[in-house]
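# Structure at a glance
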Amino acid sequence: MYGGGNVFEATKFDDVQTEDPAKLAEFEARIARGEKIEPTDWMPELYRKQLIRMIEQHAHSEIIGALPEGTWITRAPGFRRKMAQMAKVQDEVGHAQLLYSAAETLGKSREQMLTDLISGKSKYSNVFNYPAFTWADSNIISWLIDAGAIVNQMANAKGSYGPYSRALERICAEEAFHLKYGHDAVVHMATGTPKQREMIQAALNRWWPPIMTFFGPSDKMSTHTETLMRWKVKMASNDECRQQFLDMYVPKIWELGLTVPDPKLKKNMETGQWEFTEPDWDEFKRVINGDGPCNAERLAVRRTAEERGAWVRRALLNPKAKYVRPLA
Amino acid sequence: MSLKSLDPRVTRLNLPEGEVPAMEPKPELDQFETYEAFHQKKEGTAYTYVGPVHAPNEDVAFLFAKEQYSRRFACTGMWIARTENIQLTPYGNDNDNVYDTIQFDEPTQRSEQPEPYEIFHLKKRGKAHAHAGRVMATSYQEALQEAKQQFGEKGPIVNVWVVKSKDVLQSAEEDKDMWTTIPEKKYREAIAYKVMDKITKYKEENKPTTAQ
């Protein structure tokens, strides 16, 4: 599972002019040839910074995203669903491990990333600041949030940074189960009793607005964005991802006789583009900056886990341990 | 006031609500050292790099790697090495052979007993290092030289990792049964979910009735 919606803000290191021109040319030529960048290669500061930011946010989204679904393990209806829900949550946490390591190869320690998550300095996917009221909400997350994540991750897996691509390949393979599991759960509810149908429709209505913000606002096409696309850091625009998601999943929602709570949603056959009500980006900004229904809870739960487990980690620490960055 | 959640287990944690003092930054090595894991996907195939884990020691690293990297896919064996103990060459371009670009020093005097080293090759950037073989040497440098002679000819080699065999924790032959997955775990496979039957049935039953 992943939060997309990367907002590529300009940074102070925006200026690639200060980079060594010969090294920069070699770096760009490598990417143009379709070769991957590996951790010990020379890379521009902007490339390093944006990748750390992106991979780190992705990792945070995995562990925070496991919380609203993890909540439902004990209350999942039936043993088989409990087992499957548990396996999925375990996968998500595993994905965070893979991603933190990939970000670490770029020079930011896992300790620092976790500190920044808890202090609110680094973000995670905004959709997880919303609550999962019922089992049906958990099903919608498993299906549609994971579906959105896969659109994003498949694109990013083709990016230029070796360790991130390797991690994503593994993650995508594991996500195949999540998507099918989520779809199965939604289909079960949608084809069940009137009460079950009502529950899944209500959950879809609650989750649709956050889902539409999942890929983030339209990208401002700046030189900055163009550079990141040329370097294969950003592989598709937020709008392209959103369109692809709608293309793939709206028909699957409709075939179950469910409705999407947006009267404007339709595919324009001339342009081939989906038209929809513009998501509430003011709310998006407000929530991502801390003022959402679950922000405080998500971070408090994460922080408690960190703090209450600290003594175990201290007890296990080998006094001769020395930190070395992972190799790949 | 403590934090109220939809999840009763979270409510029971009695977490403080509202402004709380900032958390102390996590101390260095709070997340331990890193180890690199190599898995064998199928009996008789080369061990291949799967990724790092953080752990307080080799044994825990093995357990973490087993959870992380063998949980979902077929695996018949796992090797673990501390990142610190692996030495690597610079990365070459795709299609190059990095052995050709390394300047080897004059052979060192064989004052010590040679010992085994494991050699891993990366054939293409973005792919994973795979075990090329084992050589006998008295230093990492010499191991690399040996490796060039023994397996350095075949195809492009972008990067080489060298590690002393004694620094690699290898899963044992007699523990093989730890890798068998029980069939009851099919719920973790996409193939276990057959939604199409349900959807088709639903569509059949809910066909819009055409006017007579």
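In the annotation of an unreviewed UniProt entry, the entry for chain B reads Phenylacetic acid degradation b, and the organism field reads Pontibacter fetidus.

Chain A goes by 1,2-phenylacetyl-CoA epoxidase subunit A in an unreviewed UniProt entry, where it is assigned to Pontibacter fetidus.

## Some points on the overall build of chain A
Across its full length, chain A holds 11 helices and 2 strands. When its helices and strands are written in sequence order, chain A yields α-α-α-α-α-α-α-α-α-β-β-α-α. Relative to the 2.2 N^0.38 estimate, which gives 20 Å for 328 residues, the radius of gyration of chain A is 20 Å and therefore close to what a compact globule would have. C-alpha atoms of chain A, sized along the principal axes, occupy 65 × 60 × 35 Å. In chain A, buried positions account for 49% of the 328 residues. Of the contacts formed within chain A by residues at least 6 apart in sequence, a portion of 80% connects residues at least 24 apart.

## Notes on the nonpolar core
Membership of the largest hydrophobic core comes to 77 residues, with the highest contact counts inside it found for Leu51, Ile55, Leu99, Ala103 and Ile140 of chain A. Of all the secondary structure elements, the ones that give two or more residues to this core are α2 (45–70), α3 (79–104), α4 (110–119), α5 (135–156), α6 (162–190), α7 (194–213), α9 (238–254) and α11 (295–316) of chain A. Residue contacts for Ala103 of chain A: discarding those within four places in its chain leaves Ile52, Ile55, Glu56, Ala59, Lys108 and Met113 of chain A. Counting 43 residues, the second largest nonpolar core, distinct from the first, contains Ala328 of chain A together with Ile119, Ala137 and Val163 of chain B.

## Comments concerning α5 of chain A
All names here are of chain A. Helix length check: α5, at 22 residues, gives a terminal C-alpha distance of 31 Å against a target of 32 Å (1.5 Å per residue), a fit within 8%. Approximately 25° is the largest bend angle found in α5, and it occurs at Ile141. Of all 22 residues in α5, 19 are buried, a share of seventy percent or more.

## So, helix α10 (residues 281–288) of chain A
Residue and element names in this part refer to chain A. Here α10 has its buried residues at Phe284, Val287 and Ile288. The buried residues of α10 all sit within an arc of 95° when viewed along its axis, so they share a single face. Among the exposed residues of α10, those oriented more than 90 degrees off its buried face are Asp282 and Arg286. Gly290 occupies a position one or two residues after α10 and carries a positive phi of about 120°.

Cut-offs and rules
Residues numbered from 1 in each chain as written. Chains lettered and ligands numbered in written order. Predicted model: local features only at pLDDT ≥ 70, side-chain atom pairs only at ≥ 80, totals over all residues. Helix = DSSP H or I, 4+ residues; strand = E, 2+ residues; numbered from the N terminus. Rg over C-alpha atoms; globule rule 2.2 N^0.38 Å. Buried ≥ 20, exposed ≤ 12 C-beta atoms within 10 Å, placed from the backbone. Contact = placed C-beta atoms within 7 Å. Core = buried A, V, L, I, M, F, W, Y, C linked by C-beta atoms within 7 Å. Expected span 1.5 Å × (residues − 1). Bend = angle between axes of the 7 residues up to and from the residue. Arc of directions from axis to C-beta.

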